Each structure stands twice: as structure tokens, then as C-alpha cells.
2 protein chains.
Amino acid sequence: MKIALDAMGGDFAPERPVAAAVEALARFPQIETLLLFGKEPEIRAELKKLGQAKPDSRFEIHHCDTVIEMGDPAVESLRRKKNNSILRCIEAVRDEQAEAAVSAGHTGAMVAAATIRLRTLPGISRPGIATIMPTETNLFILLDAGANLDARPEHLLDYALMGSIFSEEILGYKKPRVGLLSIGSEDVKGNSLTKDTFKLLSAAPINFVGNIEGRDLFERPVEVVVCDGFVGNVVLKTSESIASAIFHWLAHEMKKTPLRMAGAWLARNAFRAIKKKTNYEEYGGSLLLGVNGVTVIAHGSSSVKAIRNAIREAVEAVEHRVNDRIIRAAEIAGAHKEAKADAVAA
Amino acid sequence: MKIALDAMGGDFAPERPVAAAVEALARFPQIETLLLFGKEPEIRAELKKLGQAKPDSRFEIHHCDTVIEMGDPAVESLRRKKNNSILRCIEAVRDEQAEAAVSAGHTGAMVAAATIRLRTLPGISRPGIATIMPTETNLFILLDAGANLDARPEHLLDYALMGSIFSEEILGYKKPRVGLLSIGSEDVKGNSLTKDTFKLLSAAPINFVGNIEGRDLFERPVEVVVCDGFVGNVVLKTSESIASAIFHWLAHEMKKTPLRMAGAWLARNAFRAIKKKTNYEEYGGSLLLGVNGVTVIAHGSSSVKAIRNAIREAVEAVEHRVNDRIIRAAEIAGAHKEAKADAVAA
């Protein structure tokens, strides 16, 4: 298997992506070649720091002149910055030099590059970022987690269909329940986007359970949560932030008396178990569903471990033939185009 | 002071609102009269259960024929259901029979009733729900938390101005920092609403610090967080849900071994401190900022304690003359109408 990694992607690049690449080669023997895209001298310097003055033969370094910075406008910078590492990663997938592209860089640029160069699957109008989130009892997919920031109802229908297939085929849930993230469980509650989407999802060939609220996400979880990319991204980042804030407060409170400190020590494995479960580094990256090629997007602030796990996710997505399965979802979507139109008209 | 309470508001009415009313009279001597709006026989039956066969003389029961149910459409049901408890509460404020209205009922109906009957303050186009949220180091206001579900940039400007004044005058923060909730800290990141709002807030007479992300809410908190009502409501409910889910998981993990159980017992006060801090019941209700009268909105699922605290919040808002201060904010907003127009044109 060949994987393309954006060595310049993320707030701590190329240091962390290159370190993650070295770890990934050590852990994932399925990877025959790991293509590193970025500034060659910098990549070689990082490899040297990690004891690879002569890089592992499974690395293939592809020099890129430019890097898309986090503050750059997505589409314009793809055009302006010739030979940038994000576009080159995606083009490697398009040209079948790699089976998947991974980046912790500019999300908007990654989405735009994948949409333009790989194109969307037939029947899918916009790709969505599918993030796996943990609850006490299950894993759910939240999508879109930030690809499409001004979504329309028909995009959310595509997300519901793709999310259902992903949950069923990859996570193994039978007839996964799909919830529309809104502000009340009643179907009259919501904004204009969710009200129109509610009608489309009601007519779709999925196990739609109606609106779900923020409070249901972790307390009465469904398997697929559909929302527009702006809301999804805010929810995702808020969730991560709260979990870590609560542990931080607890640690602070625990240090206030020796008895509490003793208690915390005795119960330390309980804390570790939950911390591991709520740590996004364990999940690493998110698949961009709906484009014709495996694309994994990681947080800009990703640790080495998180980027390594994003590479693992790309490997698994290729192994599970995620894309063939999404094409099935796209076909279902196509077959229900008329149902859509009817529902909208109703 | 006279407070109007919707005795039929919430998922457990009239039981919980009436019980909260009884507790409020016992705790808040400032309340001379607590006006209870709802079905008189049911209210009297609840009072009787609580040992008040002859109600406290500070109660004033106002019979209403109808109740707006959670699944009702907001505006239409206000019109269709004559003499409903939400509208009557709000009208009591309009007619100066009460200084504040409190309800745990239908949020949309409460917002619509307040907007129609009390009207917005001069210079404010739409009211917003201001929710106080705790972090380890401060309290911040999130607004709008669900009044205005399809907000426009000029509404968000009003929220920023009102939130600033509220934070400064009521919570005591000097030059409170105002952040726009978005999906990246760079000003080019966001959806069309936040991008346009960013320009307005940059030109406004507030301490605007730019975009903040979901992850900043609790880790690098500002004092005022501005967002549209849909996003705010989802964030609020998600936050509450995660805190409670994490404690639930922890409790589960703690019970796995006797050592962990002993540890949990030793550290129990640390848990209690955090649980109290993250428990929305402690905060109770949220003020609807921007209407000409004190209006407090509580969760539909509120406990007795949460509704009692919502009544306390109404009392404090009256005592702090919140509305006079918001009028100042509205005047500032008025003075900056031209700045707005310039910024939009730019």
C-alpha cells in the first residue's frame, strides 16, 4: 500500500508529520511506500534528527516549493501557490501513485483540493468530514465536521446516506440510527436548514430517528449525527475542550488535600481509561467522505501520535475499501433523487 | 418586587414550577408577590401537596385556560391559544403588574411573546438569550443561546454589544473580551455569517479579540462569546451533556475495583466541587437580552432547583437594573449604526 503524507501540514510541521511518518513505518507493515510531500531539505533535516541520515527505503520524498498556511484563503491559495504540498498529496491519489492522502494542514484547502482534483462520487454534491466520536456505550459518526460551512439540505441528505453506509460497513452497526442535530426533538424545532433537511431525511432510505439535541449526543447516542460543517466543527472542538477542561479542573481539585491526592492515586486507572477514551489523539484523523479517493484530515494542532493514527486510519480505509462502499451509498442517493424532489415539494 | 412565573412551563409542570415557587418565597424575601400563571385547579392541587391548602399570601394565582406545548409552533400557538400562561406572564410585565417573567416552557414562544408584547429596546433588532457558563478561571456569557435561529450579522453585532455591557456591569469584568465563535482563529475562517459579522465586530466599540474556536471556550476563555442561536443552543446542550457523561463514565470505571472505590471515596469532595461547577441547575435560567422587560428562560427539563435559581436570576436582574444598562448598550449600538454600514460596505 502507498500512502501520501503532507509533511508540511499542521501547526508543528514538518517536525510532527515526519516523526509520525517514522513511527507509522515501524508500526504498519502494510505500508510499502510512504510518500512525503514538502520541502525536501527540511524533511531530510527532521529525518536526520530522528536517526535517519539515510532515510528508510520505504520513504519517497517529493519536493514541494510552497506551503499553504493556516491563515490562507483555501481556494485562492491552491491556485496561487504552485506546487504546494496539499495539492501534490491529492494529485498523487488522483494519479494512482498513492492510495490515500493524509494531512494535518489547512482543512479548507484539503477539502477544496480533493473536491477539484479527485471530484465527488456520482450522486454526491459535496464531500463531508466524518469524525468518529466515543460515548460510554458506542461510537458515533458526526458529519459534516467542517468541510462544508454553508450547507444546503441536499448536502445533509448526502451526509446521512454516506454516514449510514460508513457506520454499517466500517463500524459494524446494523441499521444505524441517524439523527439530525437540532435544538429540540420536535420536528418543528430548528433553523431553516434543519427544517428543510428534516423533510428530506424522513423520505430517505435510512433509519432516521428525527431531531436530536446536543444533550442527546452523549446521553442517548445514535450512530450517525448529521449537521452542517460549521456546527459540526464547533461541536467537535467544544467536546474535546470540555473533556480536557474537566480533567484539568479535577486534577487541580485533587491536589488540594493529601487525602484527595491519595484517592486520586488509588483511582488512577479509572481516570486513565476515561482520558484515553476522550482523547482525540486516539482517533487521529477524519475521513473526507464523498470524494473519489481516500482522504484523511487531521487537526492542525495534532500531536505525533494523532498524525500517526491518522495514517493508520488511511491504511484501514484502504483495507476496508471504504470508497467502493461509499459508491454504493452514492448509488442509493442517486436512486432517491426523485424522492428528494418530492419531499422538498411537499 | 413582583415576579410572574409560568406555572405550566417545562416538561414537569405544574409540579416543578410550583415547588420552585414555594422554595423561592422561602428563600428570597425581596419577592413581595409571586404571580403564578396557569390552570388554577392544578396549581392549587400542587400547593396543597406541598402543605399549602391555603396558599401563602404572597402568591397570586392567575388562571389561564391554555398551555403552549413543547411541540407547538411558537408564533402560531401564541395566536391560536388564547389566554395561555406564557403570554400572560409576559403581559404582566408589560402591564407593570410584575417586574420580571420566568418560564421553563417553550423557548420559541417565550421569545416571540416577549418580542411582540414587550418590544425590543431602541436600536436592538432581535433579542438574544444570554447564558452564563463556567470555566476553571472565569464565567463567560454565551449569546445567543437559542432565541434567534437564523441570525444575520447585524443581530450578532447587537449580541456583542449587549453581552459586553452585561459582562461589565453584572459580572464585573473590565473591558470584557468578546470572541466570535467560529471554526478557526484566522479571520478568513468561518461561514458566510461569521465572515460578515467579523467585519462588523471589528468596527464596534467593544474589546473584540477575533474568532475563537470551540476548543478555546474552556481552555482559553474570553468573557463574551457571540454566535447565532442555533449554534449557541447546540453548544450549550452539548457542553452540559459531556460534563454529565464524563462523570457517569468515571463513576462506572470507579466501581470496577475496591481500590478504585476507596480512591473515589477519599477524593469525593473534589468530584463534588467540579460537579457543582458544571451543573447547569446552579445557574438555572438565562436572561433574554434586548427586550423591554426582564425575561428569564429556563430549560424545559429543569429541576425544581433550576427553576428556583431561574427565579433568583430574575430577582437579581431586577435588582441590578439590567434593563437600564442594556438601554445604554442599545444607545451605543445606535450611535454606531453608521460604523456598521461603513464596515459592511468595506
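Please read all numbers here as calculations on a predicted model, not as lab measurements. Along each chain, residues carry numbers from 1 onward, in the same order as the chain's sequence is written. For this description, chains carry letters from A and ligands carry numbers from 1, given in the order in which they are written. Residues qualify for local features only when their pLDDT is at least 70, as the model is predicted, and side-chain atom pairs are given and counted only at 80 or more; totals for whole chains, interfaces and linings, by contrast, use all residues.

S.K.: For this particular structure, what's the right way to read the sheet that holds strand β5 (residues 128-134) of chain A?
M.R.: Strand pairs in the sheet, formed through backbone hydrogen bonds, run parallel or antiparallel to each other. Residues and elements named next belong to chain A. Criterion used throughout: strands pair if DSSP finds at least two bridges between them. Secondary structure elements are taken from DSSP: a helix is a run of H or I of four residues or more, a strand is a run of E of two residues or more, and numbering for both begins at the N terminus. Taken in spatial order, the 11 strands of this open sheet run β3-β2-β1-β4-β11-β10-β5-β6-β9-β7-β8, and their pairing is mixed. Both edges of this open sheet fall to β3 (59-63) and β8 (207-212), since each of them pairs with a single strand only. When strand polarity is set aside, the average angle formed by the axes of neighbouring strands in this sheet is 25 degrees. Distance between backbone-placed C-beta atoms decides contact: two residues are in contact if it is within 7 Å. In this analysis an axis means a line fitted to C-alpha atoms, helices contributing only their contacting stretch, and an angle means the value between N-to-C directions, from 0 to 180 degrees. This element, helix α1 (residues 15-27), spans β1 (2-6) and β2 (33-38) of the sheet and lies at about 175 degrees to β2. The strands touched by helix α12 (residues 304-319) within the sheet are β1, β4 (100-103), β10 (285-289) and β11 (294-298), with β11 carrying the most contacts at an inclination of about 160 degrees.

S.K.: I keep staring at the relation of the copies chain A and chain B and nothing clicks. Help me out?
M.R.: One copy of the chain maps onto the other through a rotation about an axis plus a displacement along that axis. C-alpha atoms of residues with pLDDT of at least 70 in both copies form the basis for the least-squares superposition of the copies. Note on the copies: chain A fits chain B at an RMSD of 0.0 Å, the axial shift is 0.0 Å, and the rotation between them is 180 degrees. In the structure described here, the two chain copies are related by an operation that fits a two-fold rotation axis. Closest approach to the rotation axis within chain A is made by the C-alpha atom of G263 of chain A, at a distance of 1.7 Å. The overlap is high: 100% of the interface residues of chain A also sit at the interface in chain B, so the same surface is used on both sides.

S.K.: Explain helix α12 (residues 304-319) of chain B here, please?
M.R.: Since the α-helix turns once every 3.6 residues, residues separated by three or four places project in the same direction. Residue and element names in this part refer to chain B. What a helix is expected to span follows from its residue count: subtract one and scale by 1.5 Å. Taking 1.5 Å per residue as the helical rise, α12 with its 16 residues ought to reach 22 Å, and the 23 Å between its terminal C-alpha atoms agrees with that figure. Residues A306, I307, R308, N309, A310, I311, R312, E313, A314, V315 and A317 constitute the buried set of α12. After α12 finishes, the residue R321 shows a positive phi value of roughly 50 degrees. Three exposure classes are used. Buried residues have 20 or more other C-beta atoms within 10 Å of their own C-beta, exposed residues have 12 or fewer, and partly exposed residues fall in between, all C-beta atoms being placed from the backbone.

S.K.: Even after reading the chapter, I still don't get the packing of helix α6 (residues 153-169) of chain B against helix α7 (residues 192-202) of chain B, so can you show me in this structure?
M.R.: All names here are of chain B. Direction vectors running N to C along α6 and α7 enclose 50 degrees, while the axes themselves pass 9 Å from each other. By the angle class used here, α6 and α7 are oblique. Relative to α7, the crossing made by α6 is right-handed. Residue-level contacts link P153, E154, L156, L157 and A160 of α6 to L193, D196, T197, L200 and L201 of α7. The cut-offs work like this: below 35 degrees is roughly parallel, past 145 is roughly antiparallel, 65 to 115 is roughly perpendicular, and the gaps in between are oblique. For any pair of crossing helices, the crossing counts as left-handed if the nearer helix is rotated counterclockwise from the farther one by less than a right angle, and right-handed if it is rotated clockwise.

From the geometry alone we can't say anything about function, so treat these as descriptive.
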